[in-house]
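Geometric and topological summary
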Amino acid sequence: MMDKTLLIIENDEALVDVVSFHFSEHGYTVYAAFDGAAGVKLALQHKPAVIICDLIMGEMHGFEVLQTLRHHPDTRNTIIIMTSSKAYKSDIDRARELGATDYVVKPYQTDELMALVERHLQSFQPQEPH
């Protein structure tokens, strides 16, 4: 059974509404945070299968969120997809260096995002705890 929990960390509330609705309609449990610090807190609380995180946010930048989550044992192996309206190669490279599973440039189609999420979920084999 595929874990269909998703956390979106994004400061654009309209985008959060669209993505949340789309994923909910397809059987996902969706959590949302509008800034990085709240996102990290929700990620550790709910341990979602997938996190979609915007890069440019106030208070806590997407890279900080990514680093924090990758250093925590509960979210070390979580699928994390970074999103940004900027397609700078340096940002994409940095996201990959910090452990992002993928990087999506906005604006994106929600059905394309869902296809990407489902592809990652299907290929993802969680590590067995020792």
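Our subject is the structure that appears above.
Presented here is an overview of the structure given in this document. The structure displayed is predicted, hence computed values, not measured ones.

Attention shifts here to the overall build of the protein. Check the secondary structure of the protein and you find 5 helices and 5 strands. If you list the helices and strands of the protein from N to C, you get β-α-β-α-β-α-β-α-β-α. In terms of overall dimensions, the protein has a C-alpha envelope of 35 × 30 × 25 Å along the principal axes. Every one of the 130 residues in the protein was classed for burial, and the buried ones make up 45%. Within the protein, residue pairs in contact and separated by at least 24 positions form 62% of the contacts whose partners lie at least 6 positions apart. Of the accessible surface of the protein, which amounts to about 7100 Å², a share of 51% is contributed by carbon and sulfur atoms.

Moving on: the pattern of salt bridges. Two side chains with opposite charge may pair up if their charged atoms get near one another. Within this structure, the stated rule accounts for 7 salt bridges. The partner of Arg 94 in a salt bridge is Glu 97, and the shortest N-O contact between them spans 3.9 Å. Of this pair, Arg 94 and Glu 97 both sit in helix 4 (residues 89-97), separated by 3 residues, roughly a single helical turn. Among the residues examined, Glu 97 registers a relative accessible area of 63% and is labelled exposed. A salt bridge links Arg 96 to Asp 102; the nearest nitrogen and oxygen atoms lie 3.8 Å apart. By relative accessible area, which is 44% here, Arg 96 ends up partly exposed. The class for Asp 102 is buried, based on a relative accessible area of 14%. When salt bridges that share partners are traced, they join Glu 10, Asp 54 and Lys 106 into one network.

Following both chains from N to C, one finds helix 2 (residues 36-46) and helix 3 (residues 62-70) inclined at 20°, their axes separated by 9 Å at the closest point. Judged by the angle between their axes, helix 2 and helix 3 are roughly parallel. Considering how the two elements wind past one another, helix 2 and helix 3 form a crossing that is right-handed. Touching Gly 36, Val 40 and Ala 43 of helix 2 are Val 65, Thr 68 and Leu 69, all from helix 3. Split into classes, the residues belonging to the contact of helix 2 with helix 3 amount to 4 nonpolar, 2 polar and no charged.

A word on helix 3. By the burial criterion, the buried members of helix 3 are Gly 62, Phe 63, Val 65, Leu 66, Leu 69 and Arg 70. An end-on view of helix 3 places all buried positions within 160° of arc, on one side of the element. Looking at the buried side of helix 3, the elements it contacts are strand 1 (5-9), helix 2, strand 3 (50-54), strand 4 (79-84) and helix 4.

Let us now look at the packing of aromatic side chains. A complete count under the given rule lists 1 aromatic pair for this structure. Each ring, one from Phe 23 and one from Tyr 28, has its centre 5.0 Å from the other, and the planes form 85°; the classification is edge-to-face. As far as the burial class goes, Phe 23 and Tyr 28 line up, both buried. When the ring centre of Phe 63 is taken as origin, the NZ or CZ atom of Arg 94, which lies over that ring, is 5.8 Å away.

Reading guide: rules and limits
Residues numbered from 1 in each chain as written. Predicted model: local features only at pLDDT ≥ 70, side-chain atom pairs only at ≥ 80, totals over all residues. Heavy atoms only, no water. Helix = DSSP H or I, 4+ residues; strand = E, 2+ residues; numbered from the N terminus. Buried < 20%, exposed > 50% of the residue type's maximum accessible area, 1.4 Å probe, protein only. Contact = heavy atoms within 4.5 Å. Areas by Shrake-Rupley, 256 points an atom, 1.4 Å probe, with all protein chains shown as cover. Salt bridge = Lys/Arg side-chain N within 4 Å of Asp/Glu carboxyl O. Axes fitted to C-alpha atoms, helices over the stretch in contact; angles between N-to-C directions. Parallel < 35°, antiparallel > 145°, perpendicular 65-115°, else oblique. Left-handed = near helix turned anticlockwise from the far one by under 90°. Nonpolar A, V, L, I, M, F, W, Y, C, P; charged D, E, K, R; others polar. Arc of directions from axis to C-beta. Phe/Tyr/Trp six-rings, centres within 6.5 Å; stacked < 30°, edge-to-face > 60°. Lys NZ or Arg CZ within 6 Å of the ring centre and 35° of its normal.

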